Amino acid sequence: MSKLAFSSARRSGLRTLAGSLIAGLVLVACGGGGSDTATSEQVTSYTAGTIGGFGSVIVNGIRFDDSAASVEDDDGNRSSSSSLKLGMQVEIDSGNVDDSTLRAVARHIRFGAELVGPVASVDTNAKTFVVLGQTVEVKDNTVFDDSIVGGLGGLAGKIVEVHALFDAANSRYIATRIEDRAAVVLYKIRGVISNLDTQAKTFTLGTELISYANVPAANLPANLANGLRIRVRLETVQVNGAWVAVRVVNGVRTLDSLPDARVRGAVTTFTSSASFSVNGIPVDASNAIFDRGSAGVVLGANVEVRGNAVNGTIVATRVRVLSSSDDDVRGFELHGTASSVDTNANTFVLRDVNVSYGPLVVWVRGSEAQLTEGAKLEVKGLLSADGKSLVAASIKFED
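So, how was this worked out
Residues numbered from 1 in each chain as written. Predicted model: local features only at pLDDT ≥ 70, side-chain atom pairs only at ≥ 80, totals over all residues. Heavy atoms only, no water. Phe/Tyr/Trp six-rings, centres within 6.5 Å; stacked < 30°, edge-to-face > 60°. Helix = DSSP H or I, 4+ residues; strand = E, 2+ residues; numbered from the N terminus. Buried < 20%, exposed > 50% of the residue type's maximum accessible area, 1.4 Å probe, protein only. Core = buried A, V, L, I, M, F, W, Y, C linked by side-chain atoms within 4.5 Å. Contact = heavy atoms within 4.5 Å. pLDDT = per-residue confidence, 0-100. Salt bridge = Lys/Arg side-chain N within 4 Å of Asp/Glu carboxyl O. Lys, Arg positive; Asp, Glu negative; His and termini not counted. Polar contact = N/O pair within 3.5 Å; in protein donor to acceptor, adjacent residues only side chain to side chain.

## Side note on the packing of aromatic side chains
Within this structure, the stated rule accounts for six aromatic pairs. Judged by centre distance (5.7 Å) and plane angle (70°), the ring pair of Tyr187 and Trp243 falls under edge-to-face. Taken together, the residues Tyr187 in strand 13 (residues 187-197) and Trp243 in strand 17 (residues 243-250) connect sequence positions 56 residues apart. Take Tyr187 and Trp243: they sit in the same class, and that class is buried. In this structure an aromatic cluster arises from ring pairing among Phe348, Tyr357, Trp363 and Phe397.

## Digging into the nonpolar core
Counting residues in each nonpolar core, the largest one holds 40 residues, and the members touching the most others are Phe129, Leu155, Ile178, Val232 and Leu234. Looking at this core, the element that brings in the most residues is strand 11 (residues 159-167), giving five residues. The contacts of Val232, once residues within four sequence positions are left out, are Tyr187, Lys188, Ile189, Phe203, Leu205, Ile210, Ala245, Arg247 and Val248. Residues Phe54, Val97, Val355 and Ala392 belong to the second largest nonpolar core, which totals 37 residues.

## A few points about the environment of Gly331
Position of Gly331 among the secondary structure elements: in the loop between helix 2 (327-330) and strand 24 (332-337). Along the primary structure Gly331 and Asn141 are separated by 190 residues, whereas in three dimensions their C-alpha atoms are 7.8 Å apart.

## A short note on the confidence of the model for the chain
Averaged over all residues, the pLDDT of the chain is 88; the fraction at 70 or higher stands at 89%. Note on residues 21-40: pLDDT under 50 across the span, and 47 contacts to partners over four residues away in sequence or across chains.

## Some words on the pattern of salt bridges
Inspection of every chain in the model, using the stated rule, returns 22 salt bridges. Arg231 is paired through a salt bridge with Asp75; the nearest N and O atoms lie 2.7 Å apart. Of the two residues, Arg231 sits in strand 16 (residues 229-234) while Asp75 sits in the loop between strand 4 (70-73) and strand 5 (78-79), which places them 156 residues apart along the sequence. Each of the two residues, Arg231 as well as Asp75, counts as buried. The network of salt bridges with common partners includes Asp74, Asp75, Glu114, Lys188, Arg190, Arg229, Arg231, Arg233 and Arg247.

## Let's talk about the side chain of Asp167
Mapping Asp167 onto the fold places it in strand 11. Despite its burial, Asp167 remains without a salt bridge, the nearest opposite charge being carried by Arg172 at 5.7 Å. In terms of polar contacts, Asp167 uses its side chain to reach the side chain of Asn170, at 2.7 Å. Setting aside residues up to four positions removed in sequence, Asp167 forms contacts with Arg172, Ile174 and Gly300.

This is the structure we're talking about:
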């Protein structure tokens, strides 16, 4: 793998991130070495967000020990931690989150994509593409799986799996991970029902007409109605201009009552800064502290909410509006053992992720001379221009 060229903006981002990391390396909360030990602790915390790293699974800056966790997809199929990838959207039920170390023990992890289907069109200038009638936008921190060849332009005509957040203000998805899914039995779409016709048994999701005539009533949400967020599995061939649903389920999880709930995502409905939803989950922020003020809490905004879950609603104690320039939003973090080390090309592999480094990298507790096969490392950085590898801002040698 050759050295990668980057724009001045990306270089500036690495410098900024490196500076932040130097300041933060003295803090235990920034992560580090050592093993996470699973306990018999009961579920007391719910966390939802994007996988931002591994060592074990890092979501919203928290390192979750997944060694004893059950893992499943959003159809309830059992899986394993090896299925979890950078940029995936996940929900984690865990024991107590230690805010001094930002660690917790995961009990259950659920993952799932928003869209699985054929790419109808690609606009490389706007950095968007269309799947099943849904517009998807690609950002600098969108992870492209190694199965994708040619970046955004290479998506045309492919069947892809898209992990994303829904930008309700612009009626589009913001991709966090994209994979090639050449062979799939069913397509998938998550969206909000409109134009429900109970006689014809059809509705629309975005621009697409969906027929649920073949879905037994027992397998439909009891509250099927316009405005309901659902998840639909579809046959791969349209009939009379409609996609044929084989399964329709609620697209939002009803939270159990828990003392700790932490969610990062997009504001999907908005009444006021005191009453809105994130990823479809209702939030009562009437008594919350707004770390960056409440003016930025609007439809489509990316936010972090903390509080407790009560009867399916997060009663927020803190709300923070997130920015694409925040290090903990745009950056990724890996802990593990280095392999495929090539100090001539300035590359190695960590947690199955290709890592490159350049003259801007910050070395901690060692130098490039100690970068060998089997070295235990912590790496923090930004995605490369093609979204497939991590460009290190700091490389720390762990015990």
